[in-house]
Amino acid sequence: MGFGLRWTLHGDGRTPAPGAVVRPDERLSWPRTAGLGAQHVVAMFGASFVSPVLMGLDPNLAIMMSGIATAVFLLATRGRVPSYLGCSLSFVGVAAAIRAGGGDSAVVTGAVFVVGAALFLAGLAVQRFGARIIHAAMPPVVTGAVVMLIGFNLAPVTAATYWPQDQWTALLTMLFTGLAVVCLRGFWSRIAIFLGLVFGYGISWVFDLLFGKIHSTAGGTEAVDHWRLDLSGVGKADWIGLPSLHGPSFEWSAILIALPVVIALIAENAGHIKAVGEMTGDPLDDKLGTAIAADGAASMLSTAVGGPPNTTYSENIGVMAATRVYSTAAYWAAAGFALLFGLCPKFGAVVAAIPGGVLGGITVILYGMIGLLGAQIWLNGRVDLRNPLNLVPAAAGIIIGVGGVKLHFSDSFELGGIALGTIVVITGYHALRYFAPEHLKRQEPLLDSGTSAYDEGAGEPRDKRG
């Protein structure tokens, strides 16, 4: 396959057959591929724009580096793993803790650079010793729980930040997007998420004309009177502008705060690769180490110039689940758009103007899809949740991850959310397995033989393996 830069045309390149999927090495016509790439950019833009703002970093640099990181990832995985790399939400709390301790942006990016290096080394270890070591640590019950808590952990963002800004726009956008996903046919159904955003823009504009300003929270602030669709920042923004760059600075205190996140990132990457493999029907165990290493390398590259860390993006996995288009050509288009848009502050202002209510309606569907992919992993792995060995750690980790439970170790360090939930699922499962009676252990093999293969038949289609 080389570097995965060649694609065969799927059908006539226009409308895939009902129920058909566009595989990673296939593509639709280039105009349609570009449209899908634009949809991926829109899907990731909200979090990739907000996350660096919360971390105190340049959002335009984040968008530009996400495009570069995605290109690095696609080249490293040789086009077999359709994924978009955007700014990681896992580090928002870390950045806040480092800044609370007196660190500046250089110290934040320096600490995250070290986490990227640790992730890169972990990927090399997986590449050297095989996906077996990941699956031994994270069998289906663990990876399914991690994917589920990653998706559902995003629910408070929708409930507390986006939806309250305009509940009726959010509701209408959610209903329109759901109808578009289910009822539209052909190419239009494949860009339903993008159509939902366009619909939300239009509804917000109409509501502003009919009802005037709305009194609600705006981006987490106190309730104020504001326009639903505020494009004032677009006129003030430049057309072309280079993001601000700076080098990292390394302090041990900040590094120690950030390092535990690598545990969550490994699990998150494994869960994402598992989810992509499930959707495409292509077991990706042989690319797991490469994907993890590429993620680490991309984060090192971004933080080296002052950008935020990057990770495979749940939002875009949700888009693939909705569109059933897994073409890496669409991700190359997305990477190109992101690179150009990162150099255009005016575009950033347009996308940043997406009304909160619109994002509320869209993310209700997208984040839910992500979480339910974890349930799909359980089903395909034949995980028996009647077995307390499976039920207890998964239940505890999901509630911790979704509810944002935290452990405070000191005034400057705490673990919570995805990181703590992941640790509880992994360590809880293996600790309970050590003490569990033999009859509980026999209900599920340690290795994920249902969805992963480690023998000579690993390269054969799933339905031909015994």
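It should be noted that the structure appears before, not after, this text.
Residues numbered from 1 in each chain as written. Predicted model: local features only at pLDDT ≥ 70, side-chain atom pairs only at ≥ 80, totals over all residues. Heavy atoms only, no water.

Undergrad: Even after reading the chapter, I still don't get the overall build of the protein, so can you show me in this structure?
TA: Helix and strand counts for the protein stand at 21 helices and eight strands. Considering only residue pairs separated by 6 or more positions, the protein has 78% of its internal contacts joining residues 24 or more positions apart. As presented, the protein carries roughly 19400 Å² of accessible surface, and 66% of it is formed by carbon and sulfur atoms. (Helix = DSSP H or I, 4+ residues; strand = E, 2+ residues; numbered from the N terminus. Contact = heavy atoms within 4.5 Å. Areas by Shrake-Rupley, 256 points an atom, 1.4 Å probe, with all protein chains shown as cover.)

Undergrad: How should the packing of aromatic side chains be read in this particular structure?
TA: Each aromatic ring pair is summarised here by two numbers: the centre-to-centre distance and the angle between the ring planes. One pass over the structure, following the stated rule, counts five aromatic pairs. The interplanar angle of 90° and the centroid separation of 5.1 Å between the aromatic rings of Y434 and F435 together place this pair among those described as edge-to-face. Classification of Y434 by relative accessible area gives exposed; the value is 66%. We classify F435 as exposed; its relative accessible area is 68%. (Phe/Tyr/Trp six-rings, centres within 6.5 Å; stacked < 30°, edge-to-face > 60°. Buried < 20%, exposed > 50% of the residue type's maximum accessible area, 1.4 Å probe, protein only.)

Undergrad: How should unusual backbone geometry be read in this particular structure?
TA: Both trends apply: most residues other than glycine have a negative phi, and most peptide bonds are in trans. Positive phi values are uncommon outside glycine, yet R78 reaches one of about 55°. By the secondary structure assignment, R78 is in the loop between α2 (59–76) and β3 (85–87). Using a relative accessible area of 37% as the deciding quantity, one classes R78 as partly exposed.

Undergrad: What is the right way to look at helix α14 (residues 285–304) in this model?
TA: Along an α-helix, residues three or four apart share an orientation, since each turn contains 3.6 residues. For α14, spanning 20 residues, the distance from its first C-alpha to its last is 29 Å, which sits close to the expected 28 Å at 1.5 Å a residue. Within α14, 15 of the 20 residues are buried, which leaves the element mostly enclosed by the surrounding structure. (Expected span 1.5 Å × (residues − 1).)

Undergrad: Can you walk me through a nonpolar patch on the surface in this structure?
TA: Judged by side-chain polarity, W205, V206, L209, L210 and F211 come together as a nonpolar surface patch covering roughly 570 Å² of accessible area. For F211, the position within the fold is in helix α10 (residues 192–211). When its relative accessible area of 57% is taken as the criterion, F211 is described as exposed. (Patch = residues over 30% accessible without salt bridge, like charges linked within 9 Å, V, L, I, M, F, W, Y side chains within 5 Å. Salt bridge = Lys/Arg side-chain N within 4 Å of Asp/Glu carboxyl O.)

Undergrad: How should I be thinking about the packing of helix α7 (residues 155–162) against helix α18 (residues 356–380) in this particular structure?
TA: The description of two packed helices rests on the angle between their axes and on the distance between the axes. Relative to each other, α7 and α18 sit at 160°, their axes nearing to 9 Å. The angle between α7 and α18 falls in the class roughly antiparallel. Both α7 and α18 take part in a crossing whose hand is left-handed. Contacts between α7 and α18 involve A155, T158 and Y162 from the first element and G356, G357, L359, G360, T363, V364 and Y367 from the second. Classifying every residue of the contact of α7 with α18 by side-chain character gives five nonpolar, five polar and no charged. (Axes fitted to C-alpha atoms, helices over the stretch in contact; angles between N-to-C directions. Parallel < 35°, antiparallel > 145°, perpendicular 65-115°, else oblique. Left-handed = near helix turned anticlockwise from the far one by under 90°. Nonpolar A, V, L, I, M, F, W, Y, C, P; charged D, E, K, R; others polar.)

Undergrad: Just to check I follow, could you spell out the pattern of salt bridges for this structure?
TA: Under the counting rule described, the total for this entry stands at three salt bridges. Across the pair D208 and R228 runs a salt bridge, and its minimum N-O distance is 3.1 Å. Pair noted here: D208 is in helix α10 and R228 is in the loop between β5 (224–226) and α11 (232–236), with a separation of 20 residues, a long-range link. Here D208 and R228 have matching classes, each one buried. Several salt bridges converge on common partners, so that one network encompasses D166, D208 and R228.

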